Amino acid sequence: MATTVSPTSSAKISDRLRRIEPSLTLTIVAEGAKLKAQGHDLVDFGAGEPHFSTPRHIKDAAIEAINKDFTKYTNVAGIPPLREAIVKRHATDFGSDYTAGECTVSTGGKLALFEAIQVVVDHGDEVIVPVPYWVSFKDIVQYAAGTPVYVECNEKSNFKLTPEMVERAITPRTRAMIINTPNNPSGAVLAEDEFRQIAQIAFDRGIYLICDECYVYFNYAHAPFSAGGFTQFKDRTIVIGSFSKTYSMTGWRMGYSLAPQAVATEIQKLQSQATSSSAAMVQKAALAAVTGPQDCVGEFKAEYMKLREIAVKGLREIPGITCTKPDGAFYVYPNVTRYFGKAGIKSAADISKRLLHEAHVVTVPGEGFGTEEHIRLSYAVKEEDLRRGLQRMKDWFAQLA
Ligand code: PLP
């Protein structure tokens, strides 16, 4: 194994690890937690984490599982009833036709994505990544020794990716593309027809379409749909799903992939050498989530739509800040370049840092998502916190002007 020696320590670190960086969002969450521990009253727009409690029936299912000693290893790909329930829910909601064997339950959507990319991307392969992108796409591709090929989405068109943009980015080395709709951080949403055209391009060129549908149920512009519903392209489609946002289960670490059998088998092989499986009682909680009442999802969505209005209005009231209205997920991605050059500010990272330390508002700078002009705010917070944080931002930007 190739190793390099860090100039500052004697630790030998593999080249693979040198290709990646720590997750910026998780680093910022940790910095915010440190300030909170010191007693500062922070308003936290940093973490992409629903503020709702996990619904009662889901928690009860985990407690019952523990009390019934459902605490042992399970099948690598997940307990059969859960895999069957996931594919059934997906088929009901989106018209997909996966078998339970094509579903791999994983410890969070992030692991599902990590595994899928390790399975299909080889050294030197190109992977199309629309910008702005979720922080981990780039690093996961690089860990697999792939090369991210960035496609800049235009802010003036609400960060929308088009089939033409995808077409232009394809080369003979393109192995996969990662599409995240609704998008973190921009909130952009693809229309079903455009997405189908992109899936068609991927299929025709023999490219994997890796579809991160972590926010699939939080689509405010269209009825939710999934690339998994384009069954004619199934051989080249990999769906990444997550329970984190849909059911407010971030800390439970529960996600899944849906992939053609040949790919799913390899994902399961990789998982068998990594985590073995997700935690047994969490799988029971997930089973309750997908088979139980779905009202919570609609309630979360209605609340996010209300919070979105407040967030966009509040940010647009700050002179010089422009903010596209997101069509999905629970983030706003305002452009803050008008403040560059004021009071020593050079970048979005400077703004986020100073907002944290001077206004006690946590945001994430756009640099982590591939753009230098923006900061990201998660509005999955209580309304009073959203209003309080926006007021702090307004006051802070006002003293710079
Ligand atoms: N994909 C996107 C776009 C996300 O925003 C996140 C979490 O923020 C994930 C995947 C990972 O979700 P999970 O908590 O299921 O690992």
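Above this text you will find the structure in question.
All residue numbers refer to position in the chain's written sequence, counted from 1. At least 70 in pLDDT is required for a residue's local features to be given in this predicted model, at least 80 for side-chain atom pairs to be given and counted, and no such filter applies to totals for whole chains, interfaces and linings, which use all residues. Each side-chain value is derived from all of the structure's non-hydrogen atoms; neither hydrogens nor water enter the calculation.

Q: How should the overall build of the protein be read in this particular structure?
A: Secondary structure assignment for the protein yields 13 helices and 14 strands. We compute the radius of gyration from the C-alpha atoms alone; for a globule the expected value is 2.2 Å times N to the 0.38, where N is the number of residues. Whereas a compact globule of 401 residues would reach a radius of gyration of roughly 21 Å, the protein reaches 21 Å, a difference of no more than 12%. If one aligns the C-alpha atoms of the protein with their principal axes, the spans along those axes are about 60 × 55 × 50 Å. A burial count over the protein gives 55% of its 401 residues as buried. A total accessible area of about 16900 Å² is found for the protein, and carbon and sulfur atoms account for 52% of it. Only runs of H or I of at least four residues qualify as helices and only runs of E of at least two qualify as strands under DSSP, and these elements are numbered from the N terminus. Burial here depends on accessible area, computed with a 1.4 Å probe over protein chains only, as a share of the maximum for the residue type. Under 20% is buried, over 50% is exposed, and the range in between is partly exposed. The Shrake-Rupley method, run with a 1.4 Å probe sphere, supplies the accessible areas, and residue values consider only the shown protein chains as cover.

Q: Can you help me understand the side chain of T74 in this one?
A: Summarising the element assignment, T74 is placed in the loop between helix 3 (56-67) and helix 4 (80-94). Here S277 takes part through its side chain, which lies 3.2 Å from a polar atom of the side chain of T74. Working rule for contacts: check all heavy atoms of both residues, and any pair within 4.5 Å makes them a contact. Discounting residues that sit within four places of it in the chain, T74 has contacts with I79, S277, S278, A280 and Q283. Polar contact is defined as a pair of N or O atoms within 3.5 Å, subject to the rule that within protein one atom must be able to donate a hydrogen and the other to accept it, and that residues adjacent in sequence are counted only when both atoms are side-chain atoms.

Q: When you look at the environment of L113 in this model, what are you seeing that I'm missing?
A: Tracing the backbone shows L113 in helix 5 (residues 109-120). When its relative accessible area of 1% is taken as the criterion, L113 is described as buried. Sequence-wise, L113 and I238 are 125 residues apart; in three dimensions their C-alpha atoms are separated by 9.1 Å. When residues no more than four places from it in sequence are discounted, the contact partners of L113 are W134, F137, I140, I210 and I240.

Q: How should I be thinking about the pairing of strand 8 (residues 208-212) in this particular structure?
A: Both faces of the sheet carry side chains from a regular strand, because those side chains alternate between them. Most of strand 8 is tucked away, with 5 of its 5 residues classed as buried. Here strand 8 shows a buried face lined by Y208, I210 and D212 and a second buried face lined by L209 and C211. Paired strands, as defined in this entry, are two strands with at least two bridges between them according to DSSP. Taken together, the 5 bridges between strand 7 (residues 174-180) and strand 8 define a ladder with parallel strand orientation. Directly across from I179, in strand 8, lies its bridge partner C211. Orient the strands so they point away from the viewer; a crossover is then right-handed if the path from the first strand over the helix to the second runs clockwise. Regarding topology, helix 8 (residues 192-204) serves as the crossover connection from strand 7 to the parallel strand 8, and that connection is right-handed.

Q: Even after reading the chapter, I still don't get the site of the ligand, so can you show me in this structure?
A: Throughout this document, a residue counts as near a molecule or strand when at least one of its heavy atoms sits within 4 Å of that molecule or strand. Neighbouring the ligand are 13 residues, the closest being G109, D212, Y215, S242 and S244. Note that an oxygen atom of the ligand is positioned 2.6 Å from one of the backbone N or O atoms of G109. Compared with its free state, where it exposes 400 Å², the ligand has 92% of that area covered by protein. Taking a 2 Å distance to the grid points as the criterion, the majority of the atoms of the ligand fall inside the largest pocket. Only protein atoms enter the 1 Å grid, on which a cavity is a set of points fitting a 1.4 Å probe that cannot get out and a pocket is an open set with protein on both sides within 12 Å along at least 5 of 7 lines, lining residues being those with an atom within 4 Å of a point. Should more than half of a molecule's atoms lie within 2 Å of a pocket's or cavity's grid points, that molecule is taken to sit in it.

Q: In this structure, what is going on with the sheet that holds strand 14 (residues 375-378)? I would like to understand it.
A: The strands that make up a sheet pair up through hydrogen bonds in the backbone, lying either parallel or antiparallel. The 3 strands lie next to each other as 11-14-13, forming an open sheet whose pairing is antiparallel. The sheet is open, and its two borders are formed by strand 11 (331-332) and strand 13 (364-365), each paired with just one other strand.

Q: I tried to follow the pairing of strand 4 (residues 103-106) on my own but got confused; where do I start?
A: Here strand 4 shows a buried face lined by C103 and V105 and a second buried face lined by T104 and S106. In the sheet, strand 4 pairs with strand 10 (residues 255-258) via 4 bridges, with the strands oriented antiparallel. Bridge pairing in strand 10 links T104 to S257.

Q: Even after reading the chapter, I still don't get empty space enclosed by the protein, so can you show me in this structure?
A: Empty space among the atoms can be located by rolling a probe the size of a water molecule over them. Grid points are joined across faces, edges and corners, and a volume is the space filled by probe spheres set on the points. The tally for this structure, following the rule as stated, stands at 4 cavities of 30 Å³ or more. By volume, the largest cavity is sized at about 170 Å³. Along the walls of the largest cavity sit 20 residues, with P130, F159, L161, N180 and N183 positioned nearest its centre. Of all elements in the fold, only strand 5 (126-131) and strand 7 reach the threshold of two or more residues within the lining of the largest cavity. Basically, the charged four are Asp, Glu, Lys and Arg, the nonpolar ten are Ala, Val, Leu, Ile, Met, Phe, Trp, Tyr, Cys and Pro, and anything else, Gly included, counts as polar. Counted by class, the lining of the largest cavity contains 15 nonpolar, 4 polar and 1 charged residues. Here the second largest cavity defines a volume of roughly 120 Å³. Considering the residues around the second largest cavity, the lining is formed by 14 residues, among which Y217, S242, T246, Y247 and Y256 are closest to the centre. Looking at the lining of the second largest cavity, the elements with two or more residues in it are helix 4 and strand 9 (237-242).

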